[in-house]
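Architecture and fold: a report
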Amino acid sequence: MKNCAIVVVDVLYDFIDGGALACAHSTEAAEATAEFIRKHEGVPVLFVCDHHPSGHCSFKQQGGPWPPHCVEGTHGAEIHELLQPFVNEDLVFLKGCNEGVEQYSGFEGRNAAGQTLGEVLEIMETELVYVTGIATEYCVRNTAEDLLNAGFKVSIPEDCLGWVDATGHASALEALASARAVIRSASQPFHVELPQTAFSENV
Ligand SMILES: [Zn+2]
């Protein structure tokens with residue numbers, strides 16, 4: 001069976017306008033992702049969420065590159081309200097939860113049952129994964145590369161992305177295209193990459 005799924009990466013308040021690590025085109029990414037999900041009714045939506053303890057190694061106080069962000073229990077770690085209607089708690093995968101480990105890729109993120117994103121996509125017999133979210137150069141790129149390396153087809157609606165730096169965003173998309181991800185507009189007709197798609201909401 002050929003299924004598809006939508007993986008939404010880090011559309012969390014700390015990465016969106018006003019947040020600790022606000023990215024460019026982030027509110028637009030949230031709006032465009034919500035619209036993309038609505039247009040793909042019936043396709044399972046999986047959320048990858050940065051989720052750090054307060055002393056995480058990626059924070060500047062610990063010698064890391066970033067200001068504190070997405071700290072567990074804070075507003076900044078929550079999924080944007082535009083996407084809340086699509087959240088299924090079984091399909092929320094947290095990453096960066098261990099103090100000493102940075103995780104840009106959502107592939108090894110885990111849900112409340114302890115399953116990784118990769119495992120659940122396998123269980124759903126997913127072939128094609130649409131990846132949206134923030135930020136293109138970091139967590140979107142790393143998640144998409146791990147999905148490609150694991151044998152999934154990856155399609156990226158570029159209007160649904162936010163980024164730290166416009167040049168980095170463009171070069172990350174170039175690298176992903178070279179790795180055979182399909183970079184496309186969110187308004188492109190659905191499922192053109194994978195005709196005769198059958199959907200399954202069973203996990
Ligand atoms: Zn982080």
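To start, this report covers the structure provided alongside it. (Residues numbered from 1 in each chain as written. Predicted model: local features only at pLDDT ≥ 70, side-chain atom pairs only at ≥ 80, totals over all residues.)

1. Side note on the overall build of the chain
Quick reminder of the rule: Working definition: helices are DSSP H or I runs of at least four residues, strands are E runs of at least two. Numbering for both runs from the N terminus. C-alpha atoms define the radius of gyration, and 2.2 Å times the number of residues to the power 0.38 defines the globule rule. Three exposure classes are used, all based on how many other C-beta atoms lie within 10 Å of a residue's own C-beta (placed from the backbone): buried at 20 or more, exposed at 12 or fewer, and partly exposed between those limits. Our contact criterion uses C-beta atoms placed from the backbone: two residues qualify when those atoms are within 7 Å.
Tallying secondary structure elements over the chain gives four helices and seven strands in all. Taken against the 2.2 N^0.38 rule, which gives 17 Å for 203 residues, the C-alpha radius of gyration of the chain at 16 Å falls within 12% of a compact globule. Dimensions along the principal axes, computed over C-alpha positions, put the chain at roughly 50 × 40 × 30 Å. Each of the 203 residues in the chain was classed as buried or not, and the buried ones make up 46%. Considering only intrachain contacts with a sequence separation of at least 6, the fraction spanning at least 24 residues in the chain is 74%.

2. A closer look at the nonpolar core
Operational definition: Note on terminology: a nonpolar core is a set of buried residues of type Ala, Val, Leu, Ile, Met, Phe, Trp, Tyr or Cys, with members joined through C-beta atoms within 7 Å.
A5, V7, V8, L46, V129 and V131 are the most contacted members of the largest nonpolar core, which totals 57 residues. Residue contacts for L46: discarding those within four places in its chain leaves A5, V7, L91, F93, L117 and V120.

3. Some remarks on helix α1 (residues 26–39)
Quick reminder of the rule: Multiplying one less than the number of residues by 1.5 Å gives the expected span of a helix.
Along its 14 residues, α1 runs 20 Å from first to last C-alpha, staying within 8% of the 20 Å computed at 1.5 Å per residue. Among all positions of α1, only S26, A29, A30, A32, T33, A34, F36 and I37 are buried. Where α1 is buried, its residues contact β1 (3–9), β2 (45–50), β4 (126–134), β5 (153–157) and β6 (161–162).

4. Overview of the packing of helix α3 (residues 136–149) against helix α4 (residues 166–178)
Any two packed helices are characterised by the angle at which their axes cross and by the distance between the axes. How we decide: Each axis is a line fitted through C-alpha atoms, taken for helices only over the stretch in contact, and angles between the N-to-C directions span 0 to 180 degrees. Put simply, angles under 35 degrees are roughly parallel, angles over 145 are roughly antiparallel, angles from 65 to 115 are roughly perpendicular, and the rest are oblique. Residues are grouped as follows: Ala, Val, Leu, Ile, Met, Phe, Trp, Tyr, Cys and Pro are nonpolar; Asp, Glu, Lys and Arg are charged; every other residue, Gly included, is polar.
Between α3 and α4, the least distance of the axes is 9 Å, while the angle of their chain directions is 10 degrees. Classified by the angle their axes make, α3 and α4 are roughly parallel. Along the contact surface, α3 presents T136, E137, R141 and A144, while α4 presents G168, H169, A172, L173 and L176. Residue composition of the contact of α3 with α4, grouped by class: four nonpolar, three polar and two charged.

5. Comments concerning α3
Of the positions making up α3, those classed as buried are T136, E137, Y138, C139, V140, R141, T143, A144 and L147. Just beyond α3, the residue with positive phi is G151, at close to 100 degrees.

6. Structural notes on the pairing of β1
We apply this condition: Two strands pair under a simple rule: DSSP has to find at least two bridges between them. Crossovers are described as right-handed under a simple rule: with the strands pointing away from the observer, the path leading from the first strand over the helix to the second runs clockwise.
Burial analysis of β1 places seven of its seven residues in the buried class, the great majority of the element. Every second residue of β1 is oriented toward a common face, with N3, A5, V7 and V9 on one face and C4, I6 and V8 on the other, all of them buried. With four bridges connecting them, β1 and β2 associate as parallel partners. Residue V8 lies in a different strand from β2, and its bridge partner there is F47. Between the parallel elements β1 and β2, the chain passes through α1 in a crossover that is right-handed.

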